[in-house]
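# Structure assessment
Here is what each chain is made of, one letter per residue.
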Amino acid sequence: MIERIRQLEAVARRLEPAAAERDALIAPVLGYANDFLNRVDNLPAYVTTDDKGIGIYDSPIGDAPVGIHDLLAMVGEHVDRPGLNPASGGHLGYIPGGGIFHSALGDYLADVTNRYAGVFFASPGAVRMEHMLTRWMASIVGFPETSAGNLTSGGSIANLIGVVTARDARQVTARDIPRSVIYLTSHVHHSVDKAIRIAGLRECVIRHVPMDARHRLDANALERLVSGDVAAGLRPFLVIASAGTTDVGAVDPMRAIGDIADRHGLWLHVDGAYGAFFALCDEGRKVLGGMDRADSIIMDPHKGLFLPYGSGAVLVKDTRAMQDAHFYVANYMQDTQASRDEASPADLSPELTKHFRGLRLWLPLKLLGVGPFRAGLEEKMWLARYFRERLLETPGFDVGPPPDLSVVTFRYVPPKGDVAEFNQRLVQAIHADGRVFLSSSMIDDVFTIRLAVLAFRTHLDTIDLALEILKEKIAELS
Ligand SMILES: *Cc1c(COP(=O)(O)O)cnc(C)c1O
C-alpha cells in the first residue's frame, strides 16, 4: 500500500510547482499580459473570423502535458482574438465591462492563498473585508450601515437574491402566488424576469407599468395599478425599479415609487447593476435620487467600478430578511457556529464556497483611492453627452433624448429607402470594421443603435473615432 501511495504522490506532486518552475510559468504569462496591455489601445473592439475559435478543440483535454508557450499561443489565437474585446475602449455596446489591472493582482493573490470567504469562522478577515466593501456601497446609495450585503458573481445572481428575499419577507407562499402582484416595466433587465421565474413566482400577476416618453416608470400609473389591484382583492407585494435601464440608461423616479411602496407595503427592489455606482460622482447623484428608498438594490462593480467580469453586489436593508431567505444549517458545518461575530456571506446568498471576490475590489480601491473611479464615471457621462451633441450637429441623424447616465440612442435616416434596414446594415458594417463596437436594440418597436459609454479605456478620442467611423460607414452604404 505504501508503495502505491508513494507512486501516486510522485505524480500528484506535479500539482505543486517548485520555485524555479513557478518562475518559468510566471515569466511567459506576465509577458503575454504585458504584451496585451501594451497593444490594447490598438486592438480592435470586435473581430470577425471564419473559424470562431473552433481551433481550441484541436487540443483536447487529456493526459499529455502541454507547455505554457503553446498554451498561450492557443489562448491568443482562439480565445483572445475572435469576437468582442471587452478590454477595448472601443467597446461601446450593451453595457461595457471593465478589467482594471489592479484587480488582476487581487485575483492572483486570492487564488494563491485561496481564503474561504464564504464563512466568518473560516476566514474572518476576508469576510470583514467583504463586509467593509458592501458597507461602503451602502453609503454610496444611502442605505444604513446596518444593511446586509453580498458580493455576487454579477447582477443576475444579485437580482435573484433580491427577489427571493422580497418573496420571503412578504411571506408569499405557493397558495398566495396566483393573487400576488409584481410591478415592473418592459425595460427591466431580463435577469429580473429570470429571477422571478427561478424564484417560483412566474405565476404571480405580473403588471407591466407604463413608462413616460423617456422610458421611466410612470409613478402615477403605478399608483393606479396598485390601488386597483388592492380594490380587486389582489396582493401587491413587489415593485422593481431601474437605476439605469440597459436599453436607454433611464432612471426610474425612485422617490415617487418609494412613496407608493410605503403606502401599500410593497417591497421595492432597485436594479442598479448598470447605474448605481454613478452616485459616486456629483453629476450622477443629480439623477439617482431615491435609491435609499429601496428595500434591496443591486450594483455591478464589473460595470460601474470597471472591474473584471465576475463582480456584482446586492444590498438589503433588513439584514434579518436576507438571512431568513438564505440561512441554512448543516451538521457538517456545526463548528462554524463557534465564531459568528459577523454574518457569513454563505448565509446571505445561494452560494456556499465562492471566489474571494473582495480582494479584487479592495486592492484597486485602496491602491488608487476612490478619486479615479469617481472621475471615470463623471467622464463617461460627459462623453455620452458630447457624442449626442455631435450627432445632433450632423444632418440625417434621428437622436434619442439626452442621456440620464451614459447611453445614447440614435438611428440614421437615409434620404430614401428602408430606415430599419439601413441601420441594420450600418451596425453590421461597424462590426465588420471592428475598431469600435456598437449594439442595437428594438426600442418602441423601432430598430435603434445604442452607444453605451462605461469602459474605463473609453476617452474623448474613442468617441471622436466612433463619430468618424459612423460617418465613413454611412457614406459607404449610401
Ligand atoms: C448587466 C445588467 C444586469 C445583469 O447583470 P450581470 O452582471 O450581467 O449578470 C442586470 N440589470 C441591468 C440593468 C444590467 O445592466
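Presented here is a report on the structure given in the accompanying data block. (Residues numbered from 1 in each chain as written. Predicted model: local features only at pLDDT ≥ 70, side-chain atom pairs only at ≥ 80, totals over all residues. Heavy atoms only, no water.)

With respect to the helices and strands, the residue A199 is situated in the loop between helix 7 (190-198) and strand 5 (205-208). Owing to a relative accessible area of 9%, A199 belongs among the buried residues under this scheme. The sequence separation of A199 and V163 amounts to 36 residues, and the corresponding C-alpha distance is 7.2 Å. The residues contacting A199, other than those within four sequence positions of it, are L160, V163, V164 and R167. (Helix = DSSP H or I, 4+ residues; strand = E, 2+ residues; numbered from the N terminus. Buried < 20%, exposed > 50% of the residue type's maximum accessible area, 1.4 Å probe, protein only. Contact = heavy atoms within 4.5 Å.)

Turning our eyes to something else, we now look at unusual backbone geometry. Peptide bonds are trans in most cases, and residues, glycine excluded, mostly fall at negative phi. At K52, a residue that is not glycine, the phi angle is positive and equals roughly 50°. Following the sequence through the fold, K52 ends up in the loop between strand 1 (46-47) and helix 3 (68-79). The exposure class of K52 is exposed, given its relative accessible area of 69%. Even without being a glycine, D445 presents a positive backbone phi close to 65°.

The tally for this structure, following the rule as stated, stands at 10 aromatic pairs. Each ring, one from Y274 and one from F278, has its centre 5.8 Å from the other, and the planes form 75°; the classification is edge-to-face. The class for Y274 is buried, based on a relative accessible area of 2%. These aromatic residues form a ring-pair network of at least three members: F387, F397, F410, Y412 and F422. In this arrangement the basic side chain of K317 is found over the ring face of F143, its NZ or CZ atom lying 5.0 Å from the centre. Over the ring of W382 we find R385; its NZ or CZ atom is 4.3 Å from the centre of that ring. (Phe/Tyr/Trp six-rings, centres within 6.5 Å; stacked < 30°, edge-to-face > 60°. Lys NZ or Arg CZ within 6 Å of the ring centre and 35° of its normal.)

Let us look at the site of the ligand. Surveying the vicinity of the ligand reveals 15 residues, the closest of which are G155, S156, D271, D300 and K303. T246 is positioned such that a nitrogen or oxygen atom in its side chain is 3.1 Å from an oxygen atom of the ligand. The side chain of D271 places a nitrogen or oxygen atom 2.6 Å from a nitrogen atom of the ligand. The fraction of the free accessible surface of the ligand (380 Å²) that becomes covered by protein chains is 85%. Those elements that provide at least two residues to the shell around the ligand are helix 6 (155-169) and helix 11 (301-304). Per-element tally for the shell around the ligand: the top contributor is helix 6, with three residues. Residue classes in the shell around the ligand are distributed as three nonpolar, nine polar and three charged. (Near = heavy atom within 4 Å. Polar contact = N/O pair within 3.5 Å; in protein donor to acceptor, adjacent residues only side chain to side chain. Areas by Shrake-Rupley, 256 points an atom, 1.4 Å probe, with all protein chains shown as cover. Nonpolar A, V, L, I, M, F, W, Y, C, P; charged D, E, K, R; others polar.)

To continue, consider the pattern of salt bridges. Evaluation of the coordinates by the stated rule reveals 31 salt bridges. Among the salt bridges present, the one from K354 reaches E130, with a minimum N-O distance of 2.5 Å. One end of the pair, K354, is in the loop between helix 12 (319-326) and helix 13 (358-368); the other, E130, is in helix 5 (residues 124-141), and 224 residues separate them in sequence. Note that E472 and K473 form a salt bridge whose closest N and O atoms lie 3.7 Å from each other. Exposure remark for E472: the relative accessible area of 29% places this residue in the partly exposed category. Taken together, the shared-partner salt bridges in this structure form one network comprising D433, R435, E472, K473 and E476. (Salt bridge = Lys/Arg side-chain N within 4 Å of Asp/Glu carboxyl O.)

Taken together, the side chains of D41, D461, D464 and E468 present a region of like negative charge at the surface. Tracing the backbone shows D464 in helix 16 (residues 460-477). Of the residues examined, D464 reaches a relative accessible area of 32% and is grouped as partly exposed. (Patch = residues over 30% accessible without salt bridge, like charges linked within 9 Å, V, L, I, M, F, W, Y side chains within 5 Å. Lys, Arg positive; Asp, Glu negative; His and termini not counted. Charge placed at Lys NZ, Arg CZ, Asp CG, Glu CD.)

Once that is clear, we can look at helix 9 (residues 254-264). For an α-helix, 3.6 residues make a turn, and residues three or four places apart therefore share a direction. Residues of helix 9 that are buried include every one of M254, I257, G258, I260 and A261, and no others. Here the buried residues of helix 9 occupy an arc of 165° about the axis, which is enough to place them on one side. The outward face of helix 9, more than 90 degrees from its buried face, is lined by the exposed residues R255, D262 and R263. Buried residues along helix 9 sit in contact with helix 8 (219-231), strand 6 (235-242) and strand 7 (267-272). Directly after helix 9, the chain includes G265, whose backbone phi takes a positive value near 70°. (Arc of directions from axis to C-beta.)

On to the sheet that holds strand 12 (residues 439-443), then. Strand order in this open sheet of four strands is 10-11-13-12, and the pairing throughout is antiparallel. Bordering the open sheet on either side are strand 10 (397-399) and strand 12, each of which pairs with just one other strand. Averaged over all adjacent pairs, the angle separating strand axes in this sheet is 40°, with direction ignored. Here strand 12 runs beside strand 13 (residues 446-452); their pairing, made up of five bridges, is antiparallel. When the sheet's bridge partners are listed, S440 is paired in strand 13 with I449. Those strands touched by helix 15 (residues 419-433) are strand 11 (407-412), strand 12 and strand 13, and its axis lies near 35° from that of strand 13. (Pairing = 2+ DSSP bridges. Axes fitted to C-alpha atoms, helices over the stretch in contact; angles between N-to-C directions.)

In the contact formed by helix 2 (residues 19-39) and helix 3, the axes pass within 10 Å of each other and the chain directions differ by 25°. In terms of their interaxial angle, helix 2 and helix 3 are classed as roughly parallel. Here helix 2 and helix 3 pass one another in a crossing that is right-handed. Between helix 2 and helix 3, the contacting residues are A24, L25, P28, V29 and Y32 on the first element and I68, H69, L72, V75 and G76 on the second. Looking at the contact of helix 2 with helix 3, its residues break down into eight nonpolar, two polar and no charged. (Parallel < 35°, antiparallel > 145°, perpendicular 65-115°, else oblique. Left-handed = near helix turned anticlockwise from the far one by under 90°.)

As a further point, take a nonpolar patch on the surface. On the surface, a nonpolar cluster with roughly 470 Å² of combined accessible area is contributed by I26, L30, Y108, L109 and V112. The dominant element in the nonpolar patch, judged by the number of residues it contributes, is helix 4 (residues 101-113), at three residues.

What follows deals with the environment of D176. Looking at where D176 falls in the secondary structure, it is placed in the loop between helix 6 and strand 4 (180-184). Remark: the alpha-carbon pair of D176 and Y32, spanning 144 residues in sequence, is separated by 56 Å.

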